[in-house]
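Structural characterization, general
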Amino acid sequence: MKLVFMGTPEFAAVALKALITAGHDIVAVYSQPPRPAGRGYAEKKSAVHEMAAENGIAVRTPVSLKQAAEQDAFASLGAAAAVVVAYGLILPRAVLESPLHGCFNIHASLLPRWRGAAPIQRAIMAGDAETGVTIMRMDEGLDTGPMCQVGRVAISPETTAGTLHDTLAQLGAKLMVETLSSFPLDCQAQPETGISYAKKIDKSEARIDFSRDAKTLRNHIHGLAPFPGAWCLINGMRVKILQCATVEASGPAGVTLDDRLTIACGRHAVRLLKIQREGKGPMAADVFLRGFPVAAGTAL
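What comes next concerns the included structure. Everything numeric here is computed off the predicted structure, so don't read it as measured data. (Residues numbered from 1 in each chain as written. Predicted model: local features only at pLDDT ≥ 70, side-chain atom pairs only at ≥ 80, totals over all residues. Heavy atoms only, no water.)

1. A word on the state of the cysteines
Across all of its chains, the model carries 1 disulfide by this definition. Note on cysteine connectivity: Cys 148 is disulfide-linked to Cys 187, with sulfurs 2.1 Å apart. Across the disulfide from Cys 148 to Cys 187, rotation about the S-S bond amounts to roughly 100°, and the bridge is consequently right-handed. One end of the pair, Cys 148, is in strand β10 (residues 147–154); the other, Cys 187, is in the loop between α6 (161–180) and β11 (197–198), and 39 residues separate them in sequence. (Disulfide = S-S within 2.5 Å. Helix = DSSP H or I, 4+ residues; strand = E, 2+ residues; numbered from the N terminus.)

Here it is, written out as structure tokens:
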């Protein structure tokens, strides 16, 4: 099929690779413009931009699609469909209606739950037992279009936003390939009940509050791992917590119960398993403790 692909981060690059492998004719890729990154602030292309370039696909990086000239340039591609995955720009009606079969989106939730910017993180933070991927034909609303295919994934106590991201990226890519081979499609309107919104993660949410119960705190930590990373102070050192487990123990909230980084919460406790010091890579908690022992009774 003659396709236009529109996406930016690694989650989208997985889908682009799958469509290329499936033999689709990607006539153009749209992505966010290169932006300064790293210590040297050198301009860095997006993951989708890099993959398109590696495969000899023309890349367009407009800052907006509202102008008639950009819409005409899009229409001139004559695409049968457009695939949109975490692109980062709003698609005007002229763009949505330009491809023969429409524009299709991979959304990382079981719509209509968790419409919006951060569905992976919010599903874990809310303690959902499952989430998934919805292939949706796009309309002008915020993730409101009819659903063409759905895939489900369980969320375990060990699931983090990072691991779930990778699982859903692969599942979404697979389902999109299947969807584009299934015309004519039988897409169903989203239910009018069960709607929720996944607002963008704010860095102010990352500070850990040990007065919460242990399960809620674990979900919060795992939902923010690896980015932006929930954090606390250990002996005055700011440390991101990337993985933890709940423990049936009690004590004053925010105080270590042993020398293994078991920390009392409002109810029960959490044991830190993987952490990250500022400027360092992730490490197991026992490795951290070899260099920075934390005694029982330490207040975090």
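2. A short note on a nonpolar patch on the surface
Residues Leu 142, Ile 195 and Tyr 197 make up a contiguous nonpolar surface patch of roughly 300 Å² in combined accessible area. Inspection of the secondary structure puts Tyr 197 in strand β11. (Patch = residues over 30% accessible without salt bridge, like charges linked within 9 Å, V, L, I, M, F, W, Y side chains within 5 Å. Areas by Shrake-Rupley, 256 points an atom, 1.4 Å probe, with all protein chains shown as cover. Salt bridge = Lys/Arg side-chain N within 4 Å of Asp/Glu carboxyl O.)

3. Points about the sheet that holds β10
What links the strands of a sheet is backbone hydrogen bonding, and the strands pair in either a parallel or an antiparallel sense. Read across the sheet, 7 strands follow the order β5-β2-β1-β6-β7-β9-β10 without closing on themselves; strand pairing throughout is mixed. Since the sheet does not close on itself, it has two edges, and those belong to β5 (59–60) and β10, each with one partner. Across 5 bridges, the pairing between strand β1 (residues 2–7) and strand β2 (residues 25–30) is parallel. Each bridged residue has a counterpart across the sheet, and for Met 6 the counterpart in β2 is Tyr 30. Across the sheet, helix α1 (residues 10–21) lies against β1, β2, β6 (81–85) and β7 (103–107), angled at about 165° from β1, the strand it touches most. (Pairing = 2+ DSSP bridges. Contact = heavy atoms within 4.5 Å. Axes fitted to C-alpha atoms, helices over the stretch in contact; angles between N-to-C directions.)

4. Here's the deal with the pairing of strand β13 (residues 237–247)
Summarising the sheet, strand β12 (residues 230–234) and β13 pair through 5 bridges and their orientation is antiparallel. Within the sheet, the bridge partner assigned to Leu 233 lies in β13 and is Arg 238. Hairpin connection from β12 to β13: 2 residues lie between these consecutive antiparallel strands, with Asn 235 at a positive phi of about 50°. Two elements, β13 and strand β15 (residues 269–277), share 8 bridges in a ladder whose sense is antiparallel. Residue pairing in the sheet places Ile 241 in a bridge with Ile 275 of β15.

5. Some words on the packing of α1 against α6
Put simply, α1 and α6 touch, their axes get as near as 8 Å, and they point 35° apart. The chirality of how α1 crosses α6 is right-handed. When α1 is examined against α6, the residues Phe 11, Val 14, Ala 15, Ala 18 and Leu 19 are found in contact with a partner set consisting of His 165, Leu 168, Ala 169, Gln 170, Ala 173, Met 176, Val 177 and Leu 180. Among the residues forming the contact of α1 with α6, the class breakdown is 11 nonpolar, 2 polar and no charged. (Left-handed = near helix turned anticlockwise from the far one by under 90°. Nonpolar A, V, L, I, M, F, W, Y, C, P; charged D, E, K, R; others polar.)

Taken by themselves, the reported measurements are silent on function.
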